[in-house]
Amino acid sequence: MKDQCLLLRDYYATPEMRAVWTEENMVQKWLDVEAAIAWSQGELKMIPKWASRAIVRGCDAKKVTPLLVYREFEKARHWIVSLVHAFAKVSGPEGEYFHLGTTTQDILDGGLTLQIRESYVLLLKELRALESILVRLARRHRATVMAGRTEGQQASPVTYGQKMAILSSELRDHVERLKECSKRLFYANVSSGTGAQSTFVYLSDLQTTRRMETLVARRLSLHVPYMSMHHRTDRFAELLNILALINSTLGEAGMDIRDLQRTEVAEVAEPWDIEHQHSSSTFPHKRNPETSEWQEGLAKLSRTNALAMMDVQQQHERDASRYAVEFSRIAESFGLASSAIAAAKHIYGGLIVDKKAMRRNLELQRELTMTEAVMLRLYQKTKRKVEAHTICHDAAQLAREEGRSLKECLLADPLARKHLTAEEIDEVTNPENYIGTCPQQVDRALMRIARLRRTDGRFLRMGKKR
């Protein structure tokens, strides 16, 4: 229902992704599979050439419309039987050769696979676009120092570029997962009733059946199956798990933005349209990070969909228990991922990064985020790590309790004062001197992303006629 709501639909799927999963496109994909089967049967003289050509011409959802199929469905109560009857009504004698030897699952699986491929390519393009935005942010903020946080508390300095490099590299791994799963996902399926291909062998022979299967796969630009795919819902489960990972990554990133946008932190913020945008019906001053927060809700739905697909258990060679999940959850998962990526492109494309706030927050505890660096300097001088840790711990706790700086407390400690001068403390508590390999990690991550992006091309062209 939400897909039909003007106010809600773009929150769950982009218009481009919704277009892939329309009823008309579903019926067209069924007809594309039927056309490929009829064409191959004509080429192999399993049916007359004139009939195969007429079937190919007639496999058009503007002729065999969803409404026409539905009118047959009201009587037959079966999707593909209704498709066959609808085709017969708008065709001539070639209708008797339509859907010869195939079974419902061949058409449903084949059509679904074609819709998945269309969504897959669309999603890859959008992921790459988001990746480019994140790469630019990582490069721009390669050395922008901020407080690193663990368990919600300031720990030691990092750079914002490193955070963006981590996020972009995680998304790149999801792209690589999608590329990897394609070799298991995009199979043609011409298996007949129980997957034994008995009808095709009966109508021709073993060799012709294999050639027909190969021709169908090539016409649809799918992998040639090595066995029946009727039972193999695991490939769809793998796909939905990858889509759930994409949503989970963006959900987690959204929660990070929400936390960093808190009034008391204010280090980053979603883009804001000052003239038009509102985010509270009662507090006019607020700028709520609602787009970022929404991401985690989408992630929860996507993980639920992945679980539902993994929970499909078919009896014997196949059954209909899979249909409810496949026809609902796969489309929705692609929609959720598309919406999350579109939202992330908006967020990070206009992200407000406040370097002054990052520095202000680093200094909030008056050098306490640098206790680790001080401890290591003391260790270098004394070769007593436990003692160095105790000195810094005691000085830090005193600083917190009395509202003093770490430097003041260290200088008041005889053991610390014995090994560290005021100038050394200033040098070792400078955050810019303690960002480790953050900039280099950014460089390495971006080099890896650039190298892997060069291998994306053939996946972005999937389904296109050569």
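Our subject is the structure listed above.
In this text the structure is predicted, and so the values were computed from the model without any measurement.

Trainee: Break down the pattern of salt bridges for me, citing the residues and quoting the values.
Mentor: Where charged atoms from two side chains of opposite charge come close, those side chains can pair. Counted according to the given criterion, the structure contains 39 salt bridges. A salt bridge links D109 to R322; the nearest nitrogen and oxygen atoms lie 2.8 Å apart. In this pair, D109 is assigned in helix α7 (residues 104-140) and R322 in the loop between α12 (290-310) and α13 (323-349), connecting sequence segments 213 residues apart. Residue classification places R322 among the buried residues on the basis of a relative accessible area of 0%. Across the pair K179 and D456 runs a salt bridge whose closest N-O atoms are separated by 2.7 Å. Taken together, the residues span a long stretch of sequence, with K179 in helix α8 (residues 160-185) and D456 in the loop between α20 (438-453) and α21 (457-460) at a distance of 277 residues. D456 matches K179 in its accessibility class, with the two residues each being buried. Shared partners join several salt bridges into a network, and the residues in it are R128, E131, R172, E176, K179, R453 and D456.

Trainee: Lay out the packing of aromatic side chains with the relevant residues and their values.
Mentor: Applying the stated rule across the entire model yields 11 aromatic pairs. Seen from their ring centres, Y187 and Y226 are 5.7 Å apart, and the 75° between their planes marks the pair as edge-to-face. You can see Y187 sitting in the loop between α8 and α9 (198-203) and its partner Y226 sitting in the loop between α10 (206-219) and α11 (234-260), a full 39 residues away along the chain. Judged by relative accessible area, which is 12%, Y187 ranks as buried. A residue is classified by how much of its surface remains accessible, and Y226, at 51% relative accessible area, is exposed. Taking the centre distance of 6.3 Å and the plane angle of 80° together, the rings of Y323 and F327 count as edge-to-face. Placement of both Y323 and F327 in helix α13 is noted, with a separation of 4 residues, approximately one turn of the helix. Judged by relative accessible area, Y323 falls into the buried class, the value being 15%. Ring pairing ties together the aromatic residues Y11, Y12 and W294, which thus form one cluster. The ring centre of Y379 lies 5.5 Å from the NZ or CZ of K383, which sits over that ring.

Parameters and conventions
Once a new chain begins, its residue numbering starts again from 1 and follows that chain's sequence as written. Where local features are concerned, this predicted model is filtered to residues with pLDDT of at least 70; where side-chain atom pairs are given and counted, the filter is 80 or more; whole-chain, interface and lining totals use all residues. Side-chain metrics rest on all non-hydrogen atoms present in the structure, leaving aside hydrogens and water. When a carboxyl oxygen of Asp or Glu is within 4 Å of a side-chain nitrogen of Lys or Arg, the pair counts as a salt bridge. To qualify as a helix, a DSSP run of H or I must reach at least 4 residues; to qualify as a strand, a run of E must reach at least 2; elements of each kind are numbered from the N terminus. Burial here depends on accessible area, computed with a 1.4 Å probe over protein chains only, as a share of the maximum for the residue type. Under 20% is buried, over 50% is exposed, and the range in between is partly exposed. Here a Phe, Tyr or Trp ring, Trp counted by its six-membered ring, pairs with any other such ring whose centre lies within 6.5 Å, and the pair is stacked when the planes are under 30 degrees apart, edge-to-face when over 60, and tilted otherwise. Criterion for a charge above a ring: Lys NZ or Arg CZ within 6 Å of the ring centre, and within 35 degrees of the ring normal.

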